[in-house]
Amino acid sequence: MDCDKCGTDAVTHLAYSGLHLCEGCFTQSVEKRVRKRIREDGVVPDDATPEDPDTWVIGLSGGKDSVVLTKILHDTFEQDPRIELIGLTIHEGIEGYRDESVDACVELADDLDLRHELVTYEDEFGVQMDDVAEDDPEGMAPCAYCGVFRRDILERYADELGADKLLTGHNLDDEAQTALMNFLEGNPRQIAKHFDASLGGFDDRETQETFVPRAKPLRDVPEKEVALYAHVENLPAHITECPHASEAYRGEIQELLLKLESNHPGTRHSIMAGYEQLAETAADSLRDGVDDLGECDRCGAPTDRDVCRKCYLVEAVDGEV
Ligand code: SF4
Ligand code: ZN
Ligand code: ZN
């Protein structure tokens, strides 16, 4: 097959748009979508200047998504003094898995000459995910602990590093899976939370002072295309799965979505188009509750309880609960 744009050999077929693309036209098309998303979400503020740049902290895990996001952001803003990029990598204490992906992050940051910060659960909370998974004091899946710890570090370090935005590498498949899971769980608060992650909604209002605004510039790019981009650009991405990965439900949803997408190309895009509108409406109607957040008695983080979830879990893991 020939590339529909330039006539050279195509390397991929995007069923949802019908296009066959060669390597060059494919990478351009991914980059174009990411830049368009950044523009449409208003991630670059009008008032950023070379003297007072907007600082963007990128959650850099070393997996293909965050590596591709970092590379495209770097290439796009390298010459733009209004934007400052910092890669933030979190080591959860998972032997044989995270060490290799941290190496990928260090290699990428070196290649791109990017400021890079590494934070560990061990230093922050005195825990390793391998031990948490084994001890499991709350009888939960490892990811349930890990997600709380990760969010805490991302928020805190974004603040410490003076971040104006926190950017993560969620792709279209991740987002469509989450959307579908939230629909199926029937929890409007969860649906409203979508606006924590996309600028222009929730973040612009009451929560802005409490949480660093998020952006997900890859959310229009399907997972398969992110992987192909990493391959074509020869990026140092780490692809092994975490040994504690346990989101069985997400796996089922992923299978379902891939089947739907193959029978009805464009399904993921249409799910997200409807979901974003719904999330905005849900956020509007639930916004009142957001102002009620108090401070955690232990660490001062915003929470609607006396002790935040992170402090509760750290204490549970320490055997103090
Ligand atoms: Fe943590 Fe689960 Fe991700 Fe492993 S798969 S790093 S345990 S959230
Ligand atoms: Zn081409
Ligand atoms: Zn706390």
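The following paragraphs examine the structure supplied in this document. Quick caveat: nothing in here was measured; it's all calculated off a predicted structure.

### Observations regarding the environment of A15
- Along the chain, A15 falls in the loop between strand 1 (12-14) and strand 2 (19-21).
- Sequence-wise, A15 and E233 are 218 residues apart; in three dimensions their C-alpha atoms are separated by 22 Å.

### Considering the coordination of the zinc ion (ligand 3)
- Protein ligation of the zinc ion (ligand 3) involves C296 (SG), C299 (SG), C308 (SG) and C311 (SG), the donor distances falling in the range 2.3 to 2.4 Å.
- Metal-centred angles of 105 to 112 degrees between the four donor atoms at the zinc ion (ligand 3) mark the site as tetrahedral.
- All donors of the zinc ion (ligand 3) come from a single chain, and their spacing in sequence reads C-x2-C-x8-C-x2-C.
- What makes C308 buried here is its relative accessible area of 6%.

### What to know about the nonpolar core
- The biggest cluster of nonpolar side chains holds 34 residues, and the ones touching the most others in it are W56, V68 and L73.
- Counting only elements with at least two residues in this core, the list comes to helix 1 (23-40), strand 3 (54-59), helix 2 (64-77), strand 4 (83-91), helix 3 (98-112) and helix 10 (223-232).
- The biggest single contributor to this core is helix 2, with six residues.
- Of all hydrophobic cores here, the second largest spans 28 residues; its members include I86, A158, L166 and V212.

### Topic: the site of ligand 1
- Around ligand 1 lies a shell formed by E92, I94, C143, C146, R150, C242, H244 and A245.
- Across the shell around ligand 1, the residue classes break down as five nonpolar, one polar and two charged.

### So, the sheet that holds strand 5 (residues 115-120)
- Read across the sheet, five strands follow the order 5-4-3-6-7 without closing on themselves; strand pairing throughout is parallel. At either end of the open sheet lies a strand with only one pairing partner, and these are strand 5 and strand 7 (214-215).
- Sheet analysis places strand 6 (residues 165-167) next to strand 7, joined by two bridges and oriented parallel. Looking at strand 7, one finds that L167 is bridged to A215.
- Lying over the sheet, helix 6 (residues 142-160) contacts strand 3, strand 4, strand 5, strand 6 and strand 7, oriented at roughly 150 degrees with respect to strand 4.

### With respect to the coordination of the zinc ion (ligand 2)
- Coordination sphere of the zinc ion (ligand 2), protein contribution only: C3 (SG), C6 (SG), C22 (SG) and C25 (SG), at 2.3 Å.
- One way to put it: the four donor atoms around the zinc ion (ligand 2) meet at angles of 103 to 115 degrees, and that makes the site tetrahedral.
- Given a relative accessible area of 42%, C6 falls into the partly exposed group.
- The exposure class assigned to C25 is buried, which follows from its relative accessible area of 14%.

### Some thoughts on the pairing of strand 3
- Summarising burial for strand 3: six of the six residues are buried, a large majority.
- Neither face of strand 3 is left uncovered, since the one carrying D54, W56 and I58 and the one carrying T55, V57 and G59 both have all their residues buried.
- Bridging between strand 3 and strand 4 involves six bridges; their strand directions are parallel. Note on strand 4: the bridge partner recorded for V57 is I86.

### Section: the environment of V148
- Secondary-structure assignment places V148 in helix 6.
- Sequence spacing of V148 and P45 is 103 residues, and the spatial spacing of their C-alpha atoms is 29 Å.
- Setting aside residues no more than four positions away along its own chain, V148 makes contact with R309, K310 and L313.

### Some words on a negative patch on the surface
- A grouping of E78, E95, D99, E100, D103, E107, D110, D111 and D113 is seen on the molecular surface, where their side chains present a negatively charged patch.
- Secondary-structure assignment places D111 in helix 3.
- Classification of D111 by relative accessible area gives exposed; the value is 56%.

### A closer look at the packing of aromatic side chains
- Enumeration according to the criterion identifies five aromatic pairs in this entry.
- Residues Y121 and F125 carry aromatic rings whose centres are separated by 5.7 Å and whose planes lie at 65 degrees to one another, so their mutual orientation is edge-to-face. On the criterion of helical spacing, the pair formed by Y121 and F125 is a turn pair, its members being four residues apart in helix 4 (residues 121-125).
- Look at Y121 and you get buried, because its relative accessible area is 0%.
- Members of the aromatic cluster, joined through ring pairs, are Y121, F125 and F149.

Procedures and definitions
- Residues numbered from 1 in each chain as written.
- Chains lettered and ligands numbered in written order.
- Predicted model: local features only at pLDDT ≥ 70, side-chain atom pairs only at ≥ 80, totals over all residues.
- Heavy atoms only, no water.
- Helix = DSSP H or I, 4+ residues; strand = E, 2+ residues; numbered from the N terminus.
- Donors = N, O, S within 2.8 Å, 3.2 Å for Na, K, Ca; no water.
- Tetrahedral: all angles 85-135°; square planar, octahedral: opposite > 155°, others 65-115°.
- Buried < 20%, exposed > 50% of the residue type's maximum accessible area, 1.4 Å probe, protein only.
- Core = buried A, V, L, I, M, F, W, Y, C linked by side-chain atoms within 4.5 Å.
- Near = heavy atom within 4 Å.
- Nonpolar A, V, L, I, M, F, W, Y, C, P; charged D, E, K, R; others polar.
- Pairing = 2+ DSSP bridges.
- Contact = heavy atoms within 4.5 Å.
- Axes fitted to C-alpha atoms, helices over the stretch in contact; angles between N-to-C directions.
- Patch = residues over 30% accessible without salt bridge, like charges linked within 9 Å, V, L, I, M, F, W, Y side chains within 5 Å.
- Areas by Shrake-Rupley, 256 points an atom, 1.4 Å probe, with all protein chains shown as cover.
- Salt bridge = Lys/Arg side-chain N within 4 Å of Asp/Glu carboxyl O.
- Lys, Arg positive; Asp, Glu negative; His and termini not counted.
- Charge placed at Lys NZ, Arg CZ, Asp CG, Glu CD.
- Phe/Tyr/Trp six-rings, centres within 6.5 Å; stacked < 30°, edge-to-face > 60°.

Spatial relationships are all this shows, so hold off on functional conclusions.
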